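# A structural walkthrough
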Amino acid sequence: QVQLVESGGGYVQAGGSLRLSCAASGRTLSSYDMGWFRQAPGKEREFVAAITWNSYSTYVADSVKGRFTISRDNAKNTVYLQMSSLKLEDTAVYYCAAAARRGYVVRAAAGYDYWGQGTQVTVSS
């Protein structure tokens, strides 16, 4: 199985940028399609972005389209979420997740097999 550790979260002013990283260990990242989710206080976990194992396909939620970009570097066993033009409503705990390789983006949380512990992103005005 794979272990996932997110990093890069923190405090940022509205309009600013952050890059989240998700480092994998235990198995090579190329065995998995990957995704990012987020959960704000009192809300359900929400899909943010996904990428196939070979980076051929990516998908981002409408709420972050044009502002967030997902990418990966299999050689570094790392997936990234570049976030720009951050808004107050982007405040949440961000989780990366791994799904056994299918070759298409997975948007449902139930489709993922492994999860990281999350990293907090707080956007202030």
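To start, this report covers the structure provided alongside it. Values in this document were obtained by computation on a predicted structure and should not be read as measured data.

Criteria and thresholds
- Residues numbered from 1 in each chain as written.
- Predicted model: local features only at pLDDT ≥ 70, side-chain atom pairs only at ≥ 80, totals over all residues.
- Heavy atoms only, no water.
- Helix = DSSP H or I, 4+ residues; strand = E, 2+ residues; numbered from the N terminus.
- Rg over C-alpha atoms; globule rule 2.2 N^0.38 Å.
- Buried < 20%, exposed > 50% of the residue type's maximum accessible area, 1.4 Å probe, protein only.
- Contact = heavy atoms within 4.5 Å.
- Areas by Shrake-Rupley, 256 points an atom, 1.4 Å probe, with all protein chains shown as cover.
- Pairing = 2+ DSSP bridges.
- Axes fitted to C-alpha atoms, helices over the stretch in contact; angles between N-to-C directions.
- Polar contact = N/O pair within 3.5 Å; in protein donor to acceptor, adjacent residues only side chain to side chain.

## What about the overall build of the protein?
Helices and strands together make up the secondary structure of the protein, namely zero helices and eleven strands. If you list the helices and strands of the protein from N to C, you get β-β-β-β-β-β-β-β-β-β-β. Against the 2.2 N^0.38 benchmark of 14 Å for 125 residues, the protein shows a C-alpha radius of gyration of 13 Å, consistent with a compact globule. Here the protein, with 125 residues, has 48% of them falling under the buried criterion. Considering only residue pairs separated by 6 or more positions, the protein has 61% of its internal contacts joining residues 24 or more positions apart. In the form shown here, the protein has an accessible surface area of approximately 6,200 Å², with 47% of it arising from carbon and sulfur atoms.

## Let's talk about the sheet that holds strand S1 (residues 3-7)
Strands sit in the order S1-S3-S8-S7 across an open sheet of four strands; the sheet is antiparallel. Bordering the open sheet on either side are S1 and strand S7 (68-73), each of which pairs with just one other strand. Averaged over all neighbouring strand pairs, the angle between strand axes comes to 15°, with direction disregarded. Pairing of S7 with strand S8 (residues 78-83) involves six bridges; the strand directions are antiparallel. Bridging from a neighbouring strand, Phe68 pairs with Met83 of S8.

## Observations regarding the side chain of Glu6
Within the fold, Glu6 resides in strand S1. Engagement of the side chain of Glu6 in a polar contact is seen with the backbone nitrogen of Cys96, the distance being 2.8 Å. There is a polar contact of 2.9 Å between the side chain of Glu6 and the backbone nitrogen of Gly118. Here Glu6 is in contact with Ser21, Cys22, Trp36, Tyr94, Tyr95, Cys96, Gly116, Gln117, Gly118 and Thr119, once residues within four sequence places are set aside.

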